[in-house]
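Summary of structural features
Now for the letters of each chain:
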Amino acid sequence: MDHRLTSDHARPIPTNRASRRTVLAGAAASAGVLALGACSSGSKGSDSGSSEDAVPRFDEKKTTTITFMHAMSAGDQKEALERIVADFGKKHPNVTVELQDQPDYGTLQTKTKAQVGAGSAPTIAQAYGNWASEYADSQVIVPLDAYARTNTDMADFAEGVKKDIQLSDGKVWMWPFNKSVVVVYRNAEMVKEEPATWEDFAKIAKDVSKDGVVALSIDPGSAKGPAGGTALFEILAEAMGGPVFAEDGTPQFDEEGGVKALEYLVDLKKAGALAIASGYPGQEALGAQKGAFDVSSVASFPFNEEAVGGAFEMGVSALPEGTSGAANQLAGTNIVLFADASDQEKAAAWEFMQFITTPEQQASWAASTGYLPVSASSLEQEVLKKVVDERPWVADAVEQIDTARGLPPVTSVTEASGLLSVALQNALQGKAEPKDALADAQKKAAALR
């Protein structure tokens, strides 16, 4: 979902603009799924006969080209990634990193599967955990435990990031890249104080929803693509009773947290304080002064700032707490390494992957894009210090990486999240009671396991 509510989890992005952010809607519920099994029988052109559990030796003198399929294809994200590649090229002049731009996460997932199925996988690609789970099951990506043990920066990664790069088998299968959590953007002239609890948020939202203002607008998504509204619901559910997915991916939509969360959203809708639309309605309404809030990813900051255009002061604060405490969602993708690459390509790719997560590069990436650095030490870099001086909430957001939950890295979660989006639509449109809508989604999601 590299959207904005959080959405850098696996949610589809409707436009090219969407691929530049992360929030509640992310990368694709997999349209055009291709069979991946038997696509790879090991590494081609092996230089040393190394097994997948060994780290190939990098020969700095060899001329090598690696391909990186990604969705950071517009705006500041595109420029920042190209700068990383240029910096890496200065350090490793014999390695060419060929960027394969995709317009959004849905296209990225579909294109990656197509190339894997055709035997022409990229060397590395962005991936969400549930995608990586499918790739790992099909043996088309390389486990990175042995690689990770050689990296000196990993010890400083946020604990939440260390967990996020593992699959359910406890192994490291991914390397971190773009990470975000969710915050509340508000019209600080319309809403003077930060809401401390979701109860406060609802009261304020109802109070300001008048004279053409609807406090919050969300996109609930659909069966084809869960969006920012789905991610907001998932966060609310955890804050109000419990997450909608267990750690192993088991759906628990109709338990206490889910029911309370959907009742909360339906209550806001009935009070005229919540609107539903597609795309980025929260940002658009906030910028037009027709909305008081946008609940979205930290990576939405430059886009919300652009939408506001200096017309009013925009406040940014942490998510309110629910009856079960604070909850947030860790969004964003990691990088996977495909098994069909030669040993030299794998070794060069690993050099590049490690380069991306150095404190210097993470600080530059975060300062340029609004994503969060994967390690707190990046905050000591001058370029990021300046950002934190201007936006103190960034440091608080970095701390939340340790406690924010990502969606379980289980393949069935993608389709199950689509069912959840349908339940939201049905309840918010008055077609079903919240409990009934969630019970129906639960029954269908359980059948996917």
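Residues numbered from 1 in each chain as written. Predicted model: local features only at pLDDT ≥ 70, side-chain atom pairs only at ≥ 80, totals over all residues. Heavy atoms only, no water.

Of the regular secondary structure elements, the chain holds 16 helices and 10 strands. Across the 449 residues of the chain, 60% fall into the buried class. Look at the contacts in the chain between residues 6 or more apart in sequence, and 75% of them connect residues 24 or more apart. Summing over all exposed atoms, the chain offers an accessible surface of approximately 16,800 Å²; the carbon and sulfur share of this is 48%. (Helix = DSSP H or I, 4+ residues; strand = E, 2+ residues; numbered from the N terminus. Buried < 20%, exposed > 50% of the residue type's maximum accessible area, 1.4 Å probe, protein only. Contact = heavy atoms within 4.5 Å. Areas by Shrake-Rupley, 256 points an atom, 1.4 Å probe, with all protein chains shown as cover.)

All right, on to unusual backbone geometry then. We note that Asp211 has phi near 55°; this positive angle belongs to a residue other than glycine. Within the fold, Asp211 resides in the loop between α6 (198–208) and β6 (216–218). In this model, Gln289 sits at a positive phi of 60°, which is unusual for a non-glycine residue. When you line up the elements, Gln289 lands in the loop between α9 (281–287) and β8 (293–297).

Core analysis: the largest hydrophobic core is formed by 82 residues, its most contacted members being Ile141, Trp175 and Phe352. In terms of residues, this core owes the most to one element, helix α11 (residues 343–356), which gives 8 residues. Residues lining this core come from more than one domain, with at least three contributed by each of domain 1 (64–179 + 332–405) and domain 2 (180–330 + 410–447). If you look at the next biggest cluster of nonpolar residues, it comprises 48 residues, including Phe293, Ala327, Val413 and Leu428. (Core = buried A, V, L, I, M, F, W, Y, C linked by side-chain atoms within 4.5 Å. Domains from an automatic or database assignment.)

Moving on: the sheet that holds strand β5 (residues 182–187). Taken in spatial order, the 3 strands of this open sheet run β8-β5-β9, and their pairing is antiparallel. This sheet does not close on itself; its edge strands, each paired only once, are β8 and β9 (314–317). If you compare each strand with its neighbour and ignore which way they point, the axes differ by 25° on average. With 5 bridges joining them, β5 and β8 adopt antiparallel strand pairing. Bridge pairing in β8 links Val183 to Ser296. (Pairing = 2+ DSSP bridges. Axes fitted to C-alpha atoms, helices over the stretch in contact; angles between N-to-C directions.)

A word on the pairing of strand β2 (residues 95–101). Bridge count between strand β1 (residues 64–70) and β2: 7 bridges; the pairing is parallel. Bridged to His70 within β2 is Asp101. With helix α1 (residues 75–91) bridging β1 and the parallel β2, this β-α-β connection has right-handed handedness. (Right-handed = clockwise from strand over helix to strand, strands pointing away.)

It is worth spelling out the environment of Ala341 at this point. Looking at the element boundaries, Ala341 is found in the loop between β10 (334–337) and α11. Here Ala341 falls in the buried class, since its relative accessible area comes to 5%. Considered as a pair, Ala341 and Ala121 are 220 residues apart in the sequence and their alpha carbons are 8.1 Å apart.

Another point: the environment of Met69. Counting through the fold element by element, Met69 comes out in strand β1. The exposure class of Met69 is buried, given its relative accessible area of 0%. Taking the C-alpha atoms as reference points, Met69 and Ile335, 266 residues apart in sequence, are found 9.5 Å from one another. With residues up to four places along the chain from it excluded, the contact list for Met69 reads Gln100, Gln102, Leu108, Lys111, Thr112, Gln115, Pro122, Ile124, Ala125 and Gln126.

Before going further, it helps to spend a moment on the sheet that holds strand β4 (residues 175–176). Sheet architecture is open: 5 strands sit in the order β2-β1-β3-β10-β4, paired in mixed fashion. The open sheet has two edge strands, β2 and β4, and neither has a second partner. Where strand β3 (residues 124–127) and β10 come together, 4 bridges link them in antiparallel fashion. Considered in β10, the bridge of Gln126 is made with Ile335.

These figures come from the coordinates and say nothing about function on their own.
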